[in-house]
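# Survey of secondary and tertiary structure
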Amino acid sequence: MVSFDDAFRRQLQELFVWRRDVRRFRTDPLPDGTIERLIEVACLSPSVGLSQPWRFVIVDDAARRRAVIEDFKTCNADALRSYSGERAAKYAALKLSGLEESPGHLAVFADKTDHIGSGLGRATMPETTEYSVVAAICSMWLAARAEGIGLGWVSILNPARIQEILEIPDAWKFIGYLCIGTPQAECDRPELEKAKWESRRGPGEFTIRR
Ligand SMILES: Cc1cc2c(cc1C)N(C[C@H](O)[C@H](O)[C@H](O)COP(=O)(O)O)c1[nH]c(=O)[nH]c(=O)c1N2
């Protein structure tokens with residue numbers, strides 16, 4: 001039997017505290033096999049009906065990467081226009097992706113056609129397919145941090161355009177685009193909190209009893 005001791009639990013807690021959404025990367029390449037190793041961890045994640053609906057697309061092609069960056073710029077400019085006044089100025093100052101610098105680009109999809117798992121758990125909640133893929137990304141996020149690798153989730157993108165750039169079948173639903181690389185710095189506070197965009201709240205604010 002495998003058991004985990006107090007020292008491990010303390011370290012695991014530190015891992016939760018020090019995991020970050022990273023947007024500021026060093027440009028040096030990742031050691032060979034890094035993304036593949038993170039995908040291996042992601043594939044250990046829970047999934048509805050053991051359906052394993054996650055699909056990973058490692059984006060190496062320079063033209064496709066450039067096209068993703070252009071899409072981000074378009075979507076981010078649109079997002080900026082939805083704010084006004086002080087909030088707009090604050091939004092414009094945020095760094096919301098590390099797409100230009102990060103050596104690793106990974107697009108993640110949920111395969112909605114897959115029959116693995118025979119629909120178990122999905123009849124009343126088909127969205128559990130996507131939830132399973134999000135769970136896989138979270139595993140990967142923590143595994144990356146444990147290795148000193150940064151991961152940043154970019155959602156300021158047009159899913160249809162990403163699908164087109166990467167030539168992905170319609171049945172795969174776009175879940176997220178991940179930047180992966182060595183972080184420029186470590187921090188135990190979210191960047192959006194440091195930028196005074198939003199502050200973190202305690203569990204008491206999110207929990208009720210019935
Ligand atoms: C589904 C989803 C989508 C996004 C994010 C996260 C998640 C879960 N986050 C990161 C988000 O801003 C970040 O997680 C919070 O600000 C908390 O910071 P830490 O992750 O604790 O560092 C994020 N960050 C960013 O700069 N650009 C983005 O497009 C997104 N999109």
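To be clear, the structure that these remarks concern was listed above.
Residues numbered from 1 in each chain as written. Predicted model: local features only at pLDDT ≥ 70, side-chain atom pairs only at ≥ 80, totals over all residues. Heavy atoms only, no water.

The grouping of Val2, Phe4 and Phe8 at the surface amounts to a nonpolar patch, some 320 Å² of accessible area in total. Examined against the element boundaries, Phe4 turns out to sit in the segment before helix 1 (6-18). (Patch = residues over 30% accessible without salt bridge, like charges linked within 9 Å, V, L, I, M, F, W, Y side chains within 5 Å. Areas by Shrake-Rupley, 256 points an atom, 1.4 Å probe, with all protein chains shown as cover. Salt bridge = Lys/Arg side-chain N within 4 Å of Asp/Glu carboxyl O. Helix = DSSP H or I, 4+ residues; strand = E, 2+ residues; numbered from the N terminus.)

The grouping of Asp32, Glu36, Glu40, Asp60 and Asp61 at the surface amounts to a negative patch. Judged by its relative accessible area of 80%, Asp32 is exposed. (Lys, Arg positive; Asp, Glu negative; His and termini not counted. Charge placed at Lys NZ, Arg CZ, Asp CG, Glu CD. Buried < 20%, exposed > 50% of the residue type's maximum accessible area, 1.4 Å probe, protein only.)

With that out of the way, let us pick up the site of the ligand. All residues adjacent to the ligand are Arg19, Arg20, Asp21, Arg23, Leu96, Trp153, Val154, Ser155, Ile156, Pro190 and Leu192. Residue Arg19 places a side-chain N or O atom 2.9 Å away from an oxygen atom belonging to the ligand. Measuring from a nitrogen atom of the ligand, one finds a backbone N or O atom of Trp153 at 3.3 Å. When isolated, the ligand has an accessible area of 610 Å², and the protein chains bury 72% of it. The class makeup of the residues in the shell around the ligand is 6 nonpolar, 1 polar and 4 charged. (Near = heavy atom within 4 Å. Polar contact = N/O pair within 3.5 Å; in protein donor to acceptor, adjacent residues only side chain to side chain. Nonpolar A, V, L, I, M, F, W, Y, C, P; charged D, E, K, R; others polar.)

Tracing the backbone through its elements, the reader meets Asp71 in helix 3 (residues 62-81). One buried charge, Asp71, has no salt-bridge partner; the nearest side chain with opposite charge is Arg161, at 5.1 Å. In this structure, Asp71 is in contact with Ile156, Leu157, Asn158, Arg161 and Ile162, ignoring residues within four places of it in sequence. (Contact = heavy atoms within 4.5 Å.)

Here we take up the nonpolar core. The biggest cluster of nonpolar side chains holds 26 residues, and the ones touching the most others in it are Leu99, Phe109, Leu157, Ile162, Leu166 and Tyr177. Elements with a minimum of two residues in this core: helix 3, strand 2 (104-111), helix 6 (159-165) and strand 4 (172-181). Not counting residues within four places of it along the chain, the set of residues in contact with Ile162 comprises Val68, Asp71, Phe109, Leu157 and Phe174. Residues Ile39, Ala144, Leu151 and Ile175 belong to the second largest nonpolar core, which totals 22 residues. (Core = buried A, V, L, I, M, F, W, Y, C linked by side-chain atoms within 4.5 Å.)

The next subject is the packing of aromatic side chains. A complete count under the given rule lists 7 aromatic pairs for this structure. Taking 6.0 Å as the distance between ring centres and 50° as the angle between the ring planes, the aromatic pair formed by Phe109 and Trp172 counts as tilted. Of the two residues, Phe109 is situated in strand 2 and Trp172 in strand 4; the sequence distance between them amounts to 63 residues. A ring pair is formed by Trp141 and Trp153, whose centres lie 5.9 Å apart and whose planes are at 45°; its orientation type is tilted. On the criterion of sequence distance, the pair formed by Trp141 in helix 5 (residues 128-146) and Trp153 in strand 3 (residues 150-154) is long-range, its members being 12 residues apart. Owing to a relative accessible area of 22%, Trp153 belongs among the partly exposed residues under this scheme. (Phe/Tyr/Trp six-rings, centres within 6.5 Å; stacked < 30°, edge-to-face > 60°.)

The volume enclosed by the largest pocket comes to roughly 300 Å³. Taken as a whole, the second largest pocket holds about 190 Å³ of empty space. Considering the residues around the second largest pocket, the lining is formed by 14 residues, among which Leu30, Ile35, Ile58, Asp60 and Pro103 are closest to the centre. Looking at the lining of the second largest pocket, the elements with two or more residues in it are helix 2 (34-42) and strand 2. Counting residues per element, the lining of the second largest pocket draws most heavily on helix 2, at 3 residues. Considered class by class, the residues forming the lining of the second largest pocket number 6 nonpolar, 4 polar and 4 charged. (1 Å grid on protein atoms, 1.4 Å probe; cavity = no way out; pocket = protein on both sides within 12 Å on 5 of 7 lines; lining within 4 Å. Points joined across faces, edges and corners; volume = space filled by probe spheres on them.)

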